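What follows is the residue order along each chain.
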Amino acid sequence: MIQDSSPALLPAPPRLQRARGQGRLAVAAAEGPTRLARLYQDGCAKIRLPRDAAARGLEAVLINTAGGLTGGDRLDWRVEAGSGAVLTVTTPACEKVYRARDGRAEVSVSLQAAAGADLAWLPQETILFDGGALSRRLEADLAADARLLVVEAAILGRTAMAETVRTGLLRDRWRIRREGRLVFADDLRFEGPVAAIADLAPMLGGGRAFASILLAAPDAAALLEPLRRAVGPQGGASAFDGKLFCRLAAADGLVLRRALVRALAALRHGDPPPRVWRT
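What you see is a predicted model, and the numbers here were worked out from it, not measured in a lab.

Q: What's the story with the pattern of salt bridges in this structure? I'm lost.
A: Where charged atoms from two side chains of opposite charge approach closely, those side chains can pair. In this structure the tally under the stated criterion is 26 salt bridges. Measuring nitrogen to oxygen at the nearest pair gives 2.7 Å for the salt bridge that ties D130 to R166. Taken together, the positions of D130 in the loop between β10 (126-128) and β11 (133-142) and R166 in the loop between β12 (147-156) and β13 (168-178) put the pair 36 residues apart, joining distant regions of the chain. For D130, a relative accessible area of 15% translates into the label buried. On the basis of relative accessibility, which here comes to 53%, the residue R166 falls in the exposed class.

Here it is in structure tokens:
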């Protein structure tokens, strides 16, 4: 007897367990130092608030206990800085995006900064592995005089491990609003033959690491030249309408990290990077 092995009769591949996580954090500064107001965490999303005597305000560390991301994973973070609050949000290590069997990982970030708040979104670098797929969306709503600093950095494979990201997907979509009005929008996409795209001169020119930096603040224009001096040939920056935007490109993650540390020192008036960046 001949057995029919046509695709229609083959069993479907097993449904894999996927990571899900939601984290909510709100801080306030009612005539005093910044303090925790609300915290909610669910699934693989965890939030910790380590003490750092060298830090202004609070530092929050967002943790993905799944140990990385792959196709079908979902993370949702929401952060609120109340009037006058100072908050820095980061991650404990580089987020790893592993090969996806199907689908893509999705990360959603919502930031809110009230009057006089100073909010910094400073996750450590994302490492994309060959075949990985990640789509991120960041939206921020700012009061008229709030200060927002956003950094997202990515490494296309670890050069020390001789890794090459031949194919994959990395999408970043930013939408920043001040007093309800859209003031900044940016869409970045590496999709398909990632290594070939990175080799193009208008892209990374053969580099394997890059970062985007946005400062939305009343003093943004005054920091343009200090930022340019800090990043040197690793990046380019421009200032316009109360915003400062910079792209960095580097041969590898180490060169990128050094440029990021210098950039943060220029944009944060000499404040050190988050504690977990230094340990």
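Q: Whenever I open this one, the side chain of E152 confuses me. Can you help?
A: Assignment of secondary structure puts E152 in strand β12. Excluding anything up to four places from it in sequence, E152 contacts W121, P123, R136, D172, W174, F210, A211 and S212.

Q: Help me out: how do you make sense of the layout of surface pockets in this one?
A: The rolling of a water-molecule-sized probe over the atoms marks out the regions of remaining empty space. Estimates place the volume of the largest pocket at around 350 Å³. Lining the largest pocket are 23 residues; nearest its centre among them are L62, N64, T91, A93 and E95. Among the secondary structure elements, those contributing two or more residues to the lining of the largest pocket are β4 (58-64), β5 (74-81), β7 (95-97), β8 (105-113) and β11. With three residues, β4 is the single largest residue contributor to the lining of the largest pocket. For the lining of the largest pocket, the residue count by class is 13 nonpolar, six polar and four charged. Considered as a void within the structure, the second largest pocket measures approximately 240 Å³ in volume. Together, 14 residues line the second largest pocket, and P202, M203, L204, F210 and R247 are the ones closest to its centre. Going through the elements one at a time, β14 (181-192), β15 (209-216) and β17 (243-250) are the ones with two or more residues in the lining of the second largest pocket. When its residues are assigned to classes, the lining of the second largest pocket shows nine nonpolar, three polar and two charged.

The rules we used
- Residues numbered from 1 in each chain as written.
- Predicted model: local features only at pLDDT ≥ 70, side-chain atom pairs only at ≥ 80, totals over all residues.
- Heavy atoms only, no water.
- Salt bridge = Lys/Arg side-chain N within 4 Å of Asp/Glu carboxyl O.
- Helix = DSSP H or I, 4+ residues; strand = E, 2+ residues; numbered from the N terminus.
- Buried < 20%, exposed > 50% of the residue type's maximum accessible area, 1.4 Å probe, protein only.
- Contact = heavy atoms within 4.5 Å.
- 1 Å grid on protein atoms, 1.4 Å probe; cavity = no way out; pocket = protein on both sides within 12 Å on 5 of 7 lines; lining within 4 Å.
- Points joined across faces, edges and corners; volume = space filled by probe spheres on them.
- Nonpolar A, V, L, I, M, F, W, Y, C, P; charged D, E, K, R; others polar.

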